[in-house]
Amino acid sequence: GTLTTVTVDNVIINGTTIGHTSDTDLMTLADGTVNVSGKIAINDSSPGQTFSLTETAETNIIYQRTFSDTTGQHNKIYFIKSHHDTFENYDTTLDTEVMGEFKYYGVNGAGTPALTEVGNIQVQQQGTAGSTYNAADIIFSTSTASAALAEKMRLSSAGVLSTVALDISGDADIDGTTNLDAVDIDGNVQLDGTFTVGVDDTGKDVKFFGATSGAYTLWDESENEFILAGAARMGIGTTNTNMIFNI
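Within every chain, residues take consecutive numbers counted from 1 along the sequence as written. Reporting of local features is limited, given that this is a predicted model, to residues whose pLDDT is at least 70; pairs of side-chain atoms are given and counted only at 80 or more, and all residues count toward the totals for whole chains, interfaces and linings. For the side-chain quantities, the full set of heavy atoms in the structure was used; hydrogens and water were omitted.

A. Just the packing of aromatic side chains, in detail. Ring pairs are drawn from Phe, Tyr and Trp, using the six-membered ring of Trp, whenever the two centres fall within 6.5 Å, and their geometry is named by plane angle: stacked under 30 degrees, edge-to-face over 60, tilted for the rest. One pass over the full model with this rule turns up one aromatic pair. Any Lys NZ or Arg CZ that is within 6 Å of a ring centre and within 35 degrees of that ring's normal is treated as a charge sitting over the ring. When the ring centre of Y216 is taken as reference, the NZ or CZ atom of K207 above it lies at 4.5 Å.

B. Looking closely at the pairing of strand β1 (residues 5-8). With four bridges connecting them, β1 and strand β2 (residues 11-14) associate as antiparallel partners. Counterpart to V8 in the pairing with β2 is V11. Here a strand pair is declared whenever DSSP counts at least two bridges between the two strands. Put simply, DSSP marks the helices as runs of H or I at least four residues long and the strands as runs of E at least two long, and each gets a number from the N terminus on. Counting the residues that bridge the hairpin from β1 to β2 gives two residues, and of these D9 lies at a positive phi of roughly 55°.

C. Structural detail: the side chain of E117. Within the element layout of this structure, E117 appears in strand β7 (residues 115-125). Under this definition, polar contacts are N or O atom pairs within 3.5 Å; protein pairs additionally need one hydrogen-donor-capable and one acceptor-capable atom, and for neighbouring residues in sequence, both atoms have to be side-chain atoms. One polar contact links E117 to K103, side chain to side chain, over a distance of 3.2 Å. In terms of polar contacts, E117 uses its side chain to reach the side chain of N120, at 2.8 Å. When near neighbours in sequence (up to four residues on either side) are disregarded, E117 contacts K103, Y104, Y105, S143 and L149. Residue contacts are defined here by distance: any two heavy atoms, one from each residue, within 4.5 Å place the two residues in contact.

D. The arrangement of the sheet that holds strand β10 (residues 161-163) in detail. Across the sheet, which stays open at both edges, the five strands sit in the order β6-β7-β8-β9-β10 with antiparallel pairing between neighbours. The open sheet has two free edges, formed respectively by β6 (98-107) and β10, since each of these has just one partner strand. Along the sheet, successive strands turn relative to each other by an average axial angle of 20°, direction set aside. Sheet topology places β7 next to strand β8 (residues 136-142); seven bridges connect them, and they run antiparallel. What sits directly across from I121, in β8, is F140. Axis lines are fitted through C-alpha atoms, for helices just across the contact stretch, and the angle between N-to-C directions can take any value from 0 to 180 degrees.

E. Seen up close, the pattern of salt bridges. Any carboxyl oxygen of Asp or Glu within 4 Å of a side-chain nitrogen of Lys or Arg constitutes a salt bridge here. A complete count under the given rule lists four salt bridges for this structure. Residue K103 pairs with E117 through a salt bridge whose shortest N-O separation is 3.2 Å. Note that K103 is positioned in strand β6 and E117 in strand β7, a separation of 14 residues in sequence. By relative accessible area, K103 is classed as partly exposed at 41%. Residue E151 is joined to R154 by a salt bridge in which the shortest nitrogen-to-oxygen separation is 2.9 Å. Think of it in three bands: with a 1.4 Å probe and only protein chains considered, a residue is buried below 20% of the maximum accessible area for its type, exposed above 50%, and partly exposed in between. What makes E151 partly exposed here is its relative accessible area of 39%. Here the salt bridges do not stand alone but share partners, grouping E101, K103 and E117 into one network.

Below, the structure is given as structure tokens:
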């Protein structure tokens, strides 16, 4: 015959539901679907345990919650690191300790194919934990076809972004002072403010090249001289002169 309800200790199986005597419909079974109305806790006292989701086709992990109002509620994913099994009894986390991490893997084709870590997003504590807050950096690492995984970008707890290279395809609006070690500009430049080279008693050389080879003007700061070289000419009040200096 067919049993409609089975109770084993405090576990109840009833048709399409599996639950506890205090929560009889904790899990609901349907074709290809298990709905859990409570919490799923995965605990293991042994280190290095893995919770794995494996699928042969494209896998989507969807977390959806419907809120009854719009008072700032939103969905959250928590990564909480503690040195003990309860948060009431814990040690503070340490400098440079990894608080949470997303790892991304691909399959390489060298010899026997194997999984290779190709991307990594990591949250790392910086300094000693404070009494209320912890300082932490967000670190982004990637690999290339010829180089192993390495840090490429970091967002510090102070909001400073450090990266190995920056390629901006659109406009950039920067407030404050921009300190550049070297600048190579391939397009036009428009300055709407004062252009100053050096400071009083410590100048810099400035050179302008002409269309003829070897023709240029140079402000030589060490000699305090303005130099016309090659076919360079200077005209004041005229745009066409055959003399080196013409007024």
